[in-house]
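Now for the letters of each chain:
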Amino acid sequence: MSNRIVINVDIEKGTINKNIYGHFAEHLGRCIYEGFWVGEDSTIDHTNGIRNDVVEALKNLNIPVLRWPGGCFADEYHWKDGIGPKEERKRMVNTHWGGVVENNHFGTHEFMRLCELLEAEPYICGNVGSGTVQEMSEWVEYMTFDGESPMANWRQENGRNKPWQLTYFGVGNENWGCGGNMRPQYYADLYRQYQTYVRNYGDNKLYKIAGGANVDDYNWTEVLMREAGHLMDGLSLHYYTIPGDFWKGKGAALDPSVDEWFITMQKALHIDELITKHSIIMDKYDPDKRVGMIIDEWGTWFDVEPGTNPGFLYQQNTIRDALVAGLHFHIFHKHNERVQMANIAQTVNVLQAMILTEGEKMLLTPTYHVFEMFKVHQDAKKLDVEEFSHIYARNREQLPNVSVSASKDKAGKVNVSLCNLHHQDESRLTIELRGLIEQVKDISGRILTANETNAHNTFEDPDNVKPVAFRDYSFNAGQMEVKLPPMSVAVLTIG
Ligand code: AHR
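Conventions and cut-offs
- Residues numbered from 1 in each chain as written.
- Predicted model: local features only at pLDDT ≥ 70, side-chain atom pairs only at ≥ 80, totals over all residues.
- Heavy atoms only, no water.
- Domains from an automatic or database assignment.
- Contact = heavy atoms within 4.5 Å.
- Buried area = accessible area lost by both parts, 1.4 Å probe.
- Salt bridge = Lys/Arg side-chain N within 4 Å of Asp/Glu carboxyl O.
- Polar contact = N/O pair within 3.5 Å; in protein donor to acceptor, adjacent residues only side chain to side chain.
- Pairing = 2+ DSSP bridges.
- Helix = DSSP H or I, 4+ residues; strand = E, 2+ residues; numbered from the N terminus.
- Axes fitted to C-alpha atoms, helices over the stretch in contact; angles between N-to-C directions.
- Near = heavy atom within 4 Å.
- Areas by Shrake-Rupley, 256 points an atom, 1.4 Å probe, with all protein chains shown as cover.
- 1 Å grid on protein atoms, 1.4 Å probe; cavity = no way out; pocket = protein on both sides within 12 Å on 5 of 7 lines; lining within 4 Å.
- Points joined across faces, edges and corners; volume = space filled by probe spheres on them.
- Buried < 20%, exposed > 50% of the residue type's maximum accessible area, 1.4 Å probe, protein only.

Peer 1: Whenever I open this one, the domain arrangement of the protein chain confuses me. Can you help?
Peer 2: Many descriptions give the size of an interface as the accessible area lost when the pieces come together. Here the protein chain is described as being made up of domain 1 (3-9 + 383-494) and domain 2 (17-378). On a C-alpha basis, the centroid separation for the pair domain 1 and domain 2 is 29 Å. Contact with domain 1, which involves 43 residues of that partner, is made by 38 residues of domain 2. With both sides pooled, the region where domain 1 packs onto domain 2 buries about 3,200 Å², and carbon together with sulfur makes up 69% of that total. Summed over the shared surface of domain 1 and domain 2, the result is 2 salt bridges. Residue E372 is joined to R446 by a salt bridge in which the shortest nitrogen-to-oxygen separation is 2.6 Å. Linking domain 1 with domain 2 are 15 residue pairs in polar contact (both at pLDDT 80 or more).

Printed below as a string of structure tokens:
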């Protein structure tokens, strides 16, 4: 028996916001330092201290937006320590992440340069937990005011004449936890106060993002929307896929048991329920869906690799991570009316990374390849999809075994992405392309798959998991027959 899928090519359901393919880079472990920043004196090939190999690889993903400087780090970051001559910059302790010394060599100017190199929009997260209203207000003035003012003058003295274009600004991070352990009422009041002084200068119009809920804290969303919904453009949500227990043992990135594989898929799919329930609350206060849900931290979180600093959150990345990424994108597509941005945690060397580095060596992870394969969905029209999926069953729990999403790009090409979640069973699919008007001239496909649940790339074997041409399909009279191997992510382009 095969899975039946109907893609209604003539039914468009809004646009897939390219910003859901966004990224997050924190001053955590080796993400910024070593990952992006090697410094102007490095022997590693760089532009203004930023690694060229990493930038080149990431440019191929069309990263739309990059969040910085945290995370938890954002609420202890004082931006004024990170500008001016590097040798005079204040050193601080990164208390959240390994207690290491932060020399502030990567600050506002360096981050904005990185965004320029990546051609990504900056998304800056301000400090509510340990910073002042004045500090936050002056940061925005420093970055965006074009004229005579103390902060604009200071920026010019530091070598940047024109202001930067800045749209996305977060008012605090996880203020229910590392960002101040606040109660929602208290944070809602602080949000109202802080955002008042986060000004729009000239033509620079900010999109203000309030710190949102953790996982299923629906009360946080309720209070924030009720008390401050009218003063925000976006409200964040954080959810990590952790197969085990956050405190007692999250599970290893490599060598998952079959049960752990299944649980990981189950937990990745859980974000669908979370988005649905948080959306219901947001709809109550914002029926027109003006306020975006900003899922600015998501991804797998495993135990750190043995022998690495526990505060650096360095983990390997396997075909399992690729499936988690594909599932998240499909779920974000599904909720495209409310979800306006998402930022995977984190881009390099931390959690579910795109890139791992070791000195001058660099490798692309399976997750990188999913971002690359799925970039065809960025800003495309989402197509209506009906699925009649098989069931992936284990220990009396059930999941769909296949996940599908489809979009139509500006040239009229249809891109269908498919994930087979099953650890050992292939899936036969019958895909009806209903409503196709033009004759199909060309079909091509790529697939990312592996024979083992822990398949990953290493510095010795960096191409072990990478996309290859996919040809296991036939097309006849508007219908495709597809054979999808277990543990696979595929994209078919029909034009
Ligand atoms: O991404 C790692 C950390 O996870 C972030 O700093 C924090 O916001 C979250 O708890």
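Peer 1: Would you take a moment to explain the sheet that holds strand β12 (residues 292-300) for this structure?
Peer 2: Note on sheets: strands pair through backbone hydrogen bonds, and any given pair is parallel or antiparallel. Taken together, 8 strands build a closed barrel; the order of strands is β2-β5-β8-β9-β10-β11-β12-β13 and the barrel is parallel. On average, each strand axis in the sheet is tilted by 30 degrees relative to the strand beside it, whichever way the strands run. One ladder, built from 4 bridges, connects β12 with strand β13 (residues 339-345); its direction is parallel. What sits directly across from I294, in β13, is M341. Lying over the sheet, helix α5 (residues 184-196) contacts β9 (168-171) and β10 (207-214), oriented at roughly 165 degrees with respect to β10.

Peer 1: I would appreciate a short explanation of the site of the ligand in the present structure.
Peer 2: Neighbouring the ligand are 13 residues; E26, C72, E174, Y240 and E297 lie closest to it. One of the backbone nitrogen or oxygen atoms of C72 is found 2.8 Å away from an oxygen atom of the ligand. At a separation of 2.7 Å, an oxygen atom of the ligand approaches a polar side-chain atom of E174. About the coverage of the ligand: the protein hides 94% of its 280 Å² of free accessible area.

Peer 1: Looking at this model, I keep getting lost on empty space enclosed by the protein. Mind explaining?
Peer 2: Over the atoms rolls a probe the size of a water molecule, and its path tells where empty space is left. Within the structure shown, the criterion is met by 3 cavities of 30 Å³ or more. Here the largest cavity defines a volume of roughly 50 Å³. Every residue lining the largest cavity is counted, 13 residues in all, and those nearest its centre are G172, N173, G211, S236 and D296. Mapped onto the lining of the largest cavity, the elements with two or more residues apiece are β10 and β11 (234-241).

Peer 1: What's the story with the pattern of salt bridges in this structure? I'm lost.
Peer 2: In the structure shown here, the tally under the stated rule is 30 salt bridges. The salt bridge involving D259 is made with R394; its shortest N-O contact spans 2.7 Å. Residue D259 is found in helix α7 (residues 258-285), and its partner R394 is found in strand β17 (residues 391-394); the two are separated by 135 residues along the sequence. Ionic pairing is found between D283 and R338, a salt bridge with its closest N-O pair at 2.6 Å. Of this pair, D283 sits in helix α7 while R338 sits in the loop between α8 (319-334) and β13; the two residues are 55 residues apart in sequence, bridging distant segments of the chain. Judged by relative accessible area, D283 falls into the partly exposed class, the value being 28%.

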